[in-house]
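Each chain, written out:
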Amino acid sequence: MPETTETIDFSWWPKLKVLRGVWGKGFRNVTGCKKLETFAVSKYKPASRSLELIEEFHSLLCVELIQSVIDNLNGIERLSRLEILRLSYIPKLKDISSLKTHVRHMTVLEFDHCKNVNNFSVIGHLTALKQLKILSCGSISSLSFLKDLKKLELLSFAGTVISDGDLSVCLKLPNLRYIGFEDRNGYTHRNTEIQKML
């Protein structure tokens, strides 16, 4: 759906399953789409600066946001079926602590250019994760939170600096098949070294 300033009343589509496009100020009654499974929008600008508007979409399996103004993930805890979360170019996002409730179903999690997230360690609670990308997100103090993500198959932190340089935890993930990052001075392992050991 292209960007529009026109009023669109979503109550006409109560069985809508996929909403993909640019968020519009004229959108009305979106919360009436109770069967929505995919919410993939850019320029999402809720007054709450959170996910509270979409917390009523209990059927959601996938949320993708690009260039949003949200600064926290409050509301996500009510999306009990959520499997995929992709967040890109959201510079105001700081608090992702609400993720800790998604230990059962979330399998794909991606952050891209979200440089102000203050603590990624909550990701360690998401033991069902199979794919994790933290791309161009400034720096992370440590990857130690990965130690319990035994189902992880793909990991990439390209463009993100690991401050303590310790990448040894990546070798303790039994199902990891791919890792992506740039070699840096101070890292315990080079990319090619880890790839050969997977």
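Residues numbered from 1 in each chain as written. Predicted model: local features only at pLDDT ≥ 70, side-chain atom pairs only at ≥ 80, totals over all residues. Heavy atoms only, no water.

Notes on the overall build of the chain
Logical step 1: Scanning the chain for helices and strands turns up 1 helix and 12 strands.
Logical step 2: Reading the secondary structure of the chain in the N-to-C direction produces β-β-β-β-β-β-β-β-β-β-β-β-α.
Logical step 3: What you see for the chain is a C-alpha radius of gyration of 18 Å, in line with the 16 Å of a compact globule of 198 residues.
Logical step 4: Counting only C-alpha atoms, the chain reaches 55 × 30 × 25 Å along its principal axes.
Logical step 5: Looking at the chain residue by residue over its 198 residues, the buried ones come to 46%.
Logical step 6: If you take every contact in the chain between residues at least 6 apart in sequence, the share linking residues at least 24 apart comes to 28%.
Logical step 7: A total of about 10000 Å² of accessible surface is found on the chain, and carbon and sulfur atoms cover 48% of it. (Helix = DSSP H or I, 4+ residues; strand = E, 2+ residues; numbered from the N terminus. Rg over C-alpha atoms; globule rule 2.2 N^0.38 Å. Buried < 20%, exposed > 50% of the residue type's maximum accessible area, 1.4 Å probe, protein only. Contact = heavy atoms within 4.5 Å. Areas by Shrake-Rupley, 256 points an atom, 1.4 Å probe, with all protein chains shown as cover.)

Considerations on the environment of Asp-183
Logical step 1: Locating Asp-183 in the fold gives a position in the loop between β12 (178-180) and α1 (191-197).
Logical step 2: Exposure remark for Asp-183: the relative accessible area of 35% places this residue in the partly exposed category.
Logical step 3: Residues Asp-183 and Val-161 lie 22 residues apart in sequence; the distance between their C-alpha atoms is 9.9 Å.
Logical step 4: Among the polar contacts made by the side chain of Asp-183, one reaches the main-chain amide nitrogen of Asn-191 at a distance of 2.7 Å. (Polar contact = N/O pair within 3.5 Å; in protein donor to acceptor, adjacent residues only side chain to side chain.)

A few points about the pattern of salt bridges
Logical step 1: Enumeration according to the criterion identifies 8 salt bridges in this entry.
Logical step 2: Arg-20 is the partner of Glu-64 in a salt bridge, and the nearest nitrogen-oxygen pair spans 3.5 Å. Of the two residues, Glu-64 is situated in strand β5 (residues 62-66) and Arg-20 in strand β2 (residues 18-22); the sequence distance between them amounts to 44 residues.
Logical step 3: In this structure, the salt-bridge partner of Arg-190 is Asp-183, at a minimum N-O distance of 3.2 Å.
Logical step 4: Overlapping salt bridges bring together Arg-20, Glu-64, Arg-86 and Glu-110 as one network. (Salt bridge = Lys/Arg side-chain N within 4 Å of Asp/Glu carboxyl O.)

Things to note about unusual backbone geometry
Logical step 1: The backbone of Lys-43 sits at a positive phi, close to 60 degrees, despite the residue not being glycine.
Logical step 2: Assessed through its relative accessible area of 33%, Lys-43 is described here as partly exposed.
Logical step 3: Residues other than glycine seldom take positive phi values, yet Gln-67 does so here, at roughly 55 degrees.
Logical step 4: Accessibility expressed as a relative area gives 43% for Gln-67, which makes it partly exposed.

Brief notes about the pairing of strand β6 (residues 84-88)
Logical step 1: Relative to β6, β5 runs parallel, the two being bridged by 5 bridges. Counted as the bridge partner of Ile-66 is Ser-88 from β6. (Pairing = 2+ DSSP bridges.)

What about the side chain of His-189?
Logical step 1: Within the fold, His-189 resides in the loop between β12 and α1.
Logical step 2: On the accessibility criterion, His-189 (17% relative accessible area) is buried.
Logical step 3: For His-189, the side chain forms a polar contact with the side chain of Thr-188, separated by 2.8 Å.
Logical step 4: Setting aside chain neighbours within four positions, we find His-189 in contact with Leu-167, Ser-168, Leu-171, Phe-181 and Ile-194.

Description of the nonpolar core
Logical step 1: Residues Phe-39, Phe-111 and Ile-123 are the most contacted members of the largest nonpolar core, which totals 59 residues.
Logical step 2: Every element with two or more residues in this core is listed here: β4 (38-42), β5, β6, β7 (108-112) and β8 (131-135).
Logical step 3: Non-local contacts of Phe-39, meaning those with residues more than four positions away in its chain, are made with Leu-19, Trp-23, Tyr-44, Ile-54, Phe-57, Leu-60, Cys-62, Val-63, Glu-64 and Leu-65. (Core = buried A, V, L, I, M, F, W, Y, C linked by side-chain atoms within 4.5 Å.)

Some details on the sheet that holds β12
Logical step 1: Read from one edge to the other, the open sheet built from 8 strands follows the order β2-β4-β5-β6-β7-β8-β10-β12, with strand pairing classed as parallel. The outermost strands of the open sheet, each flanked by one partner alone, are β2 and β12. This sheet shows a mean twist of 5 degrees between the axes of neighbouring strands, independent of strand direction.
Logical step 2: Bridge count between β7 and β8: 5 bridges; the pairing is parallel. What sits directly across from Val-108, in β8, is Gln-131. (Axes fitted to C-alpha atoms, helices over the stretch in contact; angles between N-to-C directions.)

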